[in-house]
Amino acid sequence: MADVSAEPATPEPSLHRVMGPGLLLLFVVGDILGTGIYALTGRVAAEVGGAVWVPFVVAFLVALVTGFSYLELVTKYPHAAGAALYTHKAFGIHFFTFMVAFAVLSSGITSAATASRAFAANFAEAFDFEVGTGIAITAVALAFMAVIAAINLRGVSEGVKLNVLLTCVELTGLLIVIAIGLWALGFGNGDFGRITEFETGDRSALGGVIVATTLAFYAMVGFEDSVNMAEECKEPNRIFPKVLLTGLLITGTIYVLVSITSVALVPTEQLGEGDTPLLKVVEVGAPGFPTHVFAFITMFAVANSALINMLMASRLLYGMARQAVVPQAFGRVHVRRRTPQVAIVFTTLLALGLIAFVGEVPELGGTTALLLLAVFTVVNVAVLVLRRDPVEHKHFRTPTVLPVVGALSCGFLVTPFTERNPDQYLIAGVLLAIGVALWLLNQLAIRSQRGTPPRTAAPTPEA
């Protein structure tokens, strides 16, 4: 009988290593910036008041600590699949590995699908089209996702190069906000005194910061996507530590500057109204600035989020196929283009289904952060467990205290003590229930294909 750990008769070609430190840095920065900061600043301000920068700093520190754990693991095991691979290595439980993989996969695909609908809405606004909110918006979003799939299938080089362009656009938008804010404040407009004010209602200042941090953390997720591109990076053991830490520092600095200038120019009660807080900052700081430009900038920002999330999702599925956690068909690579073609098609179909049948889901951003915080908790624990698994090559080693702090902080932010909206737990529960059902179907498929009972643990990857 065949063993699920056996190599295919004809070895699949490897992925194409095209990402050097520059492209990887832009990938990390573009992935973290995404669309969150364009809409989250006002919601965070509504929870904590003028000290809106504090939750962003706390979220940055939590992400930074977890980033050190990812650095140890990605340089120790430079393969695709990221958190799911580390979970398998540490615990060897097929079901647990599958659920971690599904949590990351679903968060990426759902974010991409949501970004596609946002792209369609901003596309209509940028070009002044009357498409409404129904079928026309869905049609534009579906067409956009199809374009993303074509780019993904074309090759990682094309996808990464497009990411460079889109990252530059979204970064330019945030720098414009910072520049306009500093220029206006230089002429005495605005009030810097607001940035030390805590307006948390019935909560204490600490309670308000904790609640706001659960929102702000959504703006910091994304860096974990880069580890799924490890097999397409040149010398990942050498470049990942410096690049990932630099990317986190750049984005954290930008977020703090944007939040400070925003609340200094616009009162918090106004900043928290609507979904375009940064547009209000531009209107107050530079009334003559062509604000319709921000529709284009936001459109490009959400396009970048969709592109990066779909790149990540397909590579994660490919990586798990190579570890026999999902059927090996998902690990097939196009001989000429060197892209995981089956994984790309499958993840695209899932995204198209979400776009067509789900639409906008309330609290989806918070649910995405909730799922990823749970995954981050597992990753921080996995670092400590895998210290007993030495490897022959040199790799980054994080101080032991950091994964301990990371596991405790991420674990706490998952709990109801943070006063999360209960809808987030409901949505996460439904998604994980779907994951359980898919795991059972996958087990039946493996049993049918191999003629043997499913294994309890996936095989160890090649060195």
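Bear in mind that the values here come from a model prediction, so they are computed numbers and not experimental data.

Conventions we followed
- Residues numbered from 1 in each chain as written.
- Predicted model: local features only at pLDDT ≥ 70, side-chain atom pairs only at ≥ 80, totals over all residues.
- Heavy atoms only, no water.
- Helix = DSSP H or I, 4+ residues; strand = E, 2+ residues; numbered from the N terminus.
- Buried < 20%, exposed > 50% of the residue type's maximum accessible area, 1.4 Å probe, protein only.
- Contact = heavy atoms within 4.5 Å.
- Areas by Shrake-Rupley, 256 points an atom, 1.4 Å probe, with all protein chains shown as cover.
- Axes fitted to C-alpha atoms, helices over the stretch in contact; angles between N-to-C directions.
- Parallel < 35°, antiparallel > 145°, perpendicular 65-115°, else oblique.
- Left-handed = near helix turned anticlockwise from the far one by under 90°.
- Nonpolar A, V, L, I, M, F, W, Y, C, P; charged D, E, K, R; others polar.
- Polar contact = N/O pair within 3.5 Å; in protein donor to acceptor, adjacent residues only side chain to side chain.
- Core = buried A, V, L, I, M, F, W, Y, C linked by side-chain atoms within 4.5 Å.
- Phe/Tyr/Trp six-rings, centres within 6.5 Å; stacked < 30°, edge-to-face > 60°.

K.L.:
Give me the overall build of the protein: which residues, what numbers.
P.N.:
Scanning the protein from terminus to terminus reveals 16 helices and zero strands. Buried residues in the protein amount to 55% of all 463 residues. In the protein, the proportion of contacts linking residues at least 24 apart, taken out of those at least 6 apart, comes to 84%. Entry remark: accessible area of the protein is about 18,700 Å², with carbon and sulfur atoms responsible for 66%.

K.L.:
An account of the environment of Gly50 is needed here, citing residue identities and associated values.
P.N.:
For Gly50, the location among the structural elements is in the loop between α2 (36-48) and α3 (53-76). The exposure class assigned to Gly50 is buried, which follows from its relative accessible area of 0%. For the pair Gly50 and Glu197, spaced 147 residues apart in the sequence, the C-alpha separation amounts to 4.9 Å. Gly50 has contacts with Arg194, Ile195, Glu197, Val263 and Thr268, leaving out every residue within four places of it along the chain.

K.L.:
I'd like a rundown of the packing of helix α6 (residues 135-154) against helix α12 (residues 293-322), residues and numbers included.
P.N.:
Packing of α6 against α12 leaves a shortest axis separation of 10 Å and a crossing angle of 50 degrees. Compared by their axis directions, α6 and α12 come out oblique. When the axes of α6 and α12 are compared, the crossing they make is right-handed. Along its contact with α6, which presents Phe144, Met145, Ile148, Ile151 and Asn152, the element α12 presents Ala303, Ala306, Leu307, Met310, Leu311, Ser314 and Arg315. By residue class, the composition of the contact of α6 with α12 is nine nonpolar, two polar and one charged.

K.L.:
Could you give me a rundown of the packing of helix α1 (residues 21-33) against α12, with the residues and numbers involved?
P.N.:
In the contact formed by α1 and α12, the axes pass within 9 Å of each other and the chain directions differ by 115 degrees. Like other packed secondary-structure pairs, α1 and α12 cross with a definite hand, here left-handed. Residues Phe27, Gly30 and Asp31 of α1 form the contact with α12, whose participating residues are Asn304, Ile308 and Leu311. Split into classes, the residues belonging to the contact of α1 with α12 amount to three nonpolar, two polar and one charged.

K.L.:
Explain unusual backbone geometry to me, and be specific about the residues and the numbers.
P.N.:
Here the phi dihedral of Glu419 falls at roughly 60 degrees; this positive angle occurs in a residue that is not glycine. Using a relative accessible area of 45% as the deciding quantity, one classes Glu419 as partly exposed.

K.L.:
Describe the side chain of Thr339, with residues and values.
P.N.:
As for its placement among the helices and strands, Thr339 is situated in the loop between α12 and α13 (341-357). Of note is the side chain of Thr339, whose polar atom sits 3.2 Å from the backbone oxygen of Leu153.

K.L.:
Please set out the nonpolar core residue by residue, giving values where relevant.
P.N.:
If you look at soluble globular proteins, the nonpolar side chains tend to sit buried side by side. Within the largest apolar cluster, 127 residues are counted, with the highest numbers of intra-cluster contacts made by Tyr70 and Leu248. For this core, the element with the highest residue contribution is α12, accounting for 18 residues. Apart from the residues lying within four places of it in its own chain, the contact partners of Leu248 are Ile32, Phe60, Ala63, Leu64, Met220 and Phe223. Residues Leu370, Leu371, Ala428 and Leu431 belong to the second largest nonpolar core, which totals five residues.

K.L.:
Break down the packing of aromatic side chains for me, citing the residues and quoting the values.
P.N.:
Evaluation of the coordinates by the stated rule reveals nine aromatic pairs. With 4.1 Å between their ring centres and 15 degrees between their planes, Phe119 and Phe144 make a pair best called stacked. Here Phe144 lies in helix α6 and Phe119 lies in helix α5 (residues 94-126), a separation of 25 residues in the sequence. On the basis of relative accessible area, Phe119 is assigned to the buried category, the value being 13%. Looking at Phe144, the relative accessible area reads 10%, which means it is buried. Taken together, the ring pairs connect Tyr70, Tyr86, Phe217 and Phe376 into an aromatic cluster.

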